[in-house]
Amino acid sequence: MQRPSISPSLARLRSSLWLALGLATLLAAALPSACSSDADPRPEPEPPVVVVTPPEPGAPWESLSEWNLYADLRAQEPAERVLPFEVIAPLFSDYTKKRRFVHLPEGATIAYASEGPLGFPVGTILVKTFSYPADLREPEGEERILETRILHLEPNGWAAHTYVWNDEQTEAVRLVAGKFIDASFVDASGQAVQNLYRVPNTNECKDCHQNQDSFVSLGGRSRQLDRAYDYGEGPVNQLEHLAALGWLEGLPPASERTKLVDPFGSDELSLRVRSYFDANCSACHTTGGNASQSSLLLDFAATDPESQPSSNWGVCKIPTSAGGATCGHTYDVVPGDPDRSIMICRMASTDLEVRMPPLGIRLVHAEGLALVRQWIASMPPEGSCQ
Ligand code: HEC
Ligand code: HEC
C-alpha cells in the first residue's frame, strides 16, 4: 500500500532533526498522523497560483513565459488577476482564432469612457493570442498558436510587443522585425487553405493603434466590450462583471450605453455594416487616425445615417488621397452599384497597393466583402452620383 509522500522540505527537516538531535522516537510520535493514515486521504492538490510578473518599463521580457500571464501557457489558461474577454465585432485577421485577456495591478481601476478607449490604469496588460484551428469548422479542436501580442501601459504610455510561438508550441519569443509563417488550415467550406501569415513588425502596431499622438487600445472600449461572456458560471455582461469585481468605475446603466452588433448576426443590415467598419476600418478611418486625410470616416459614430453626411462612408465621394488606388472607378461608394464602387474593389483585392485594410491581412475576407456588397446593393440608386 502506498503512503502519501511528505513534502521534500518536511523530509529534509525531519532527517536533519533525526541526525542532529537523535530524537527519532519522539519525532515519529510527533509527526502529524495524516502522514500515515490511509483513512484520511489528502484533498485534491490545488493548481499552483501563478502571479503576473510585469517587466520594468522599457525592458520587456524576451520570452512570453517570463510575464507569467498564464497558469498554463499552451492551454492559454490565465493566471491570477488575468481575465479573458471578447469583443462584439472582431478585426478580421486571415481567419485566425483569437483569445484576449486583461490584467490589472492590485487595487487599480479602469475609468469608464463612453466613446474612446476606457481609462486603463498604469500597469494594465492587454493580451491577444492568434492561432489557426486545423479546421475552422471545429474551432475548439486542434490548433497551432502563431503569435501573442501584448500592450503594456507603462508610465509613459502603451508599449507594444509581439511574441512568436515555436513549432513545439512550448514558448514564444519577442520579435521586433515581423515575420512570415507558412500556415495551413481547412476553411468553413472544407477547403484546404495555405496562407503565408504575417506577424507585423512592432512599428506597424501604431498604424492602427495610434490616434494623433496617442497610442490607444482599440478593443478596450465600451461599445466593443458590452456583451456576454461565460467566466464559468453562465454568461454575464463583461462590463457589469468588471464593475462587480471592482475593476471598472463609473459604468452607466445599459440603456445609456452605445454598443456594436455582431456583423454576421441577425440585426438590421446598416447596424451590422457599421459595426464591421468600426472594427475593421475605423482604427485608420477616423478623425486623428492614419487615414483621416482621405476623409472617409468609418467609426460607428461617423456612420450614423441620422446625424452624419453620407460622404463620410464614401457615398458619391471622389477619393481625395493622391495616388490612391481606384480600380478605374470614380466614387468610393455608388449607391445600388457595388461593382462600380472603389470600396468593394479595394476590399476584394490582394494587391499590396490596392487592398483594404492595407495591413494585418493577406486573405480577402469573403464574408465581410459580401456584407458590404449587400449593403451597397441595398442603397436606392437615385441618380447615382450624377
Ligand atoms: C490592421 C490594424 C492593426 C494592427 C496592424 C495591429 N492591431 Fe492590435 N488590434 C486592432 C484592432 C481593430 C483591435 C480590436 C479588435 C480585435 O481585437 O479583434 C486590436 C486589438 C489588440 C489587442 C487587444 C487589446 C485591445 O486593445 O483591443 C492587443 C493586445 C493588440 N491589438 C496588440 C497589437 C500589437 C502589439 C500590434 C503590433 C505587433 C498590433 N496590435 C497591430 C488592430 C490592429
Ligand atoms: C491600417 C490603416 C487602414 C485600415 C485599417 C483601413 N484603411 Fe482604407 N485607407 C488607408 C489609407 C492610409 C488610405 C489613403 C491612401 C490610399 O488610398 O491608399 C485609405 C484609403 C481608403 C479608400 C479610398 C478613400 C478615399 O476617399 O480616398 C477606401 C475606399 C478605403 N480606404 C476603404 C477601407 C475599408 C472599407 C476598410 C476596412 C474594411 C479600410 N479602408 C481599412 C488606411 C487604412
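Residues numbered from 1 in each chain as written. Chains lettered and ligands numbered in written order. Predicted model: local features only at pLDDT ≥ 70, side-chain atom pairs only at ≥ 80, totals over all residues.

Turning next to the site of ligand 1. Taken together, the neighbourhood of ligand 1 is formed by 29 residues, with Cys 205, Cys 208, Ser 217, Gly 219 and Gly 360 sitting nearest. Among the secondary structure elements, those contributing two or more residues to the shell around ligand 1 are strand 6 (125–133), strand 7 (143–154), strand 8 (157–165) and helix 3 (205–209). Examining the composition of the shell around ligand 1, we find that four residues originate from one element, helix 3, more than from any other. The two domains that each donate at least three residues to the shell around ligand 1 are domain 2 (64–256) and domain 3 (269–377). (Near = placed C-beta within 6 Å. Helix = DSSP H or I, 4+ residues; strand = E, 2+ residues; numbered from the N terminus. Domains from an automatic or database assignment.)

Below, the discussion takes up the packing of helix 6 (residues 269–280) against helix 8 (residues 366–377). For the pair helix 6 and helix 8, interaxial distance at closest approach is 10 Å and the crossing angle is 135°. If you check the angle between helix 6 and helix 8, you find them oblique. When you trace helix 6 past helix 8, the crossing you get is left-handed. Mapping the contact onto sequence places Leu 269, Ser 270, Arg 272, Val 273, Tyr 276 and Asn 280 in helix 6 and Gly 368, Leu 371, Val 372, Gln 374 and Trp 375 in helix 8. Among the residues making up the contact of helix 6 with helix 8, the classes are represented as six nonpolar, four polar and one charged. (Axes fitted to C-alpha atoms, helices over the stretch in contact; angles between N-to-C directions. Parallel < 35°, antiparallel > 145°, perpendicular 65-115°, else oblique. Left-handed = near helix turned anticlockwise from the far one by under 90°. Contact = placed C-beta atoms within 7 Å. Nonpolar A, V, L, I, M, F, W, Y, C, P; charged D, E, K, R; others polar.)

Before going further, it helps to examine helix 8. For the α-helix, the turn length of 3.6 residues means that residues three or four positions removed from each other point alike. Taking 1.5 Å as the rise per residue, helix 8 with twelve residues should run 16 Å; its terminal C-alpha atoms sit 16 Å apart, in good agreement. Its buried side turned inward, helix 8 meets helix 6 and helix 7 (342–347). (Expected span 1.5 Å × (residues − 1).)

The next thing to look at is unusual backbone geometry. The omega angle of the peptide bond from Met 356 to Pro 357 is -10°, so this bond is cis rather than trans. Here Pro 357 is to be found in the loop between helix 7 and helix 8. Phi is positive for Ser 295, close to 60°, though the residue is something other than glycine. Among the secondary structure elements, Ser 295 is positioned in the loop between helix 6 and helix 7. Its identity as a non-glycine residue notwithstanding, Cys 316 has a phi of 55°, on the positive side. On the secondary structure map, Cys 316 appears in the loop between helix 6 and helix 7.

Counting 64 residues, the largest nonpolar core has Leu 69, Leu 298 and Val 372 as the members making the most contacts within it. For this core, the two domains that each supply at least three residues are domain 2 (64–256) and domain 3 (269–377). The contact partners of Val 372, leaving out residues within four places of it in the chain, are Val 273, Met 343, Ile 344 and Met 347. (Core = buried A, V, L, I, M, F, W, Y, C linked by C-beta atoms within 7 Å. Buried ≥ 20, exposed ≤ 12 C-beta atoms within 10 Å, placed from the backbone.)

Here the focus is the environment of Asp 337. Within the secondary structure, Asp 337 sits in the loop between helix 6 and helix 7. For Asp 337, a count of 17 C-beta atoms within 10 Å translates into the label partly exposed. Put simply, Asp 337 and Ile 376 are 39 residues apart on the chain and 6.5 Å apart in space, counted from C-alpha to C-alpha. Here Asp 337 is in contact with Pro 381 and Ser 384, once residues within four sequence places are set aside.

The next thing to look at is the confidence of the model for the protein. Here the protein averages 90 in pLDDT, while 89% of its residues score no lower than 70. Across residues 1–37 the pLDDT falls below 50, and counting only partners more than four positions away or on other chains, this stretch makes twelve contacts in the model. (pLDDT = per-residue confidence, 0-100.)

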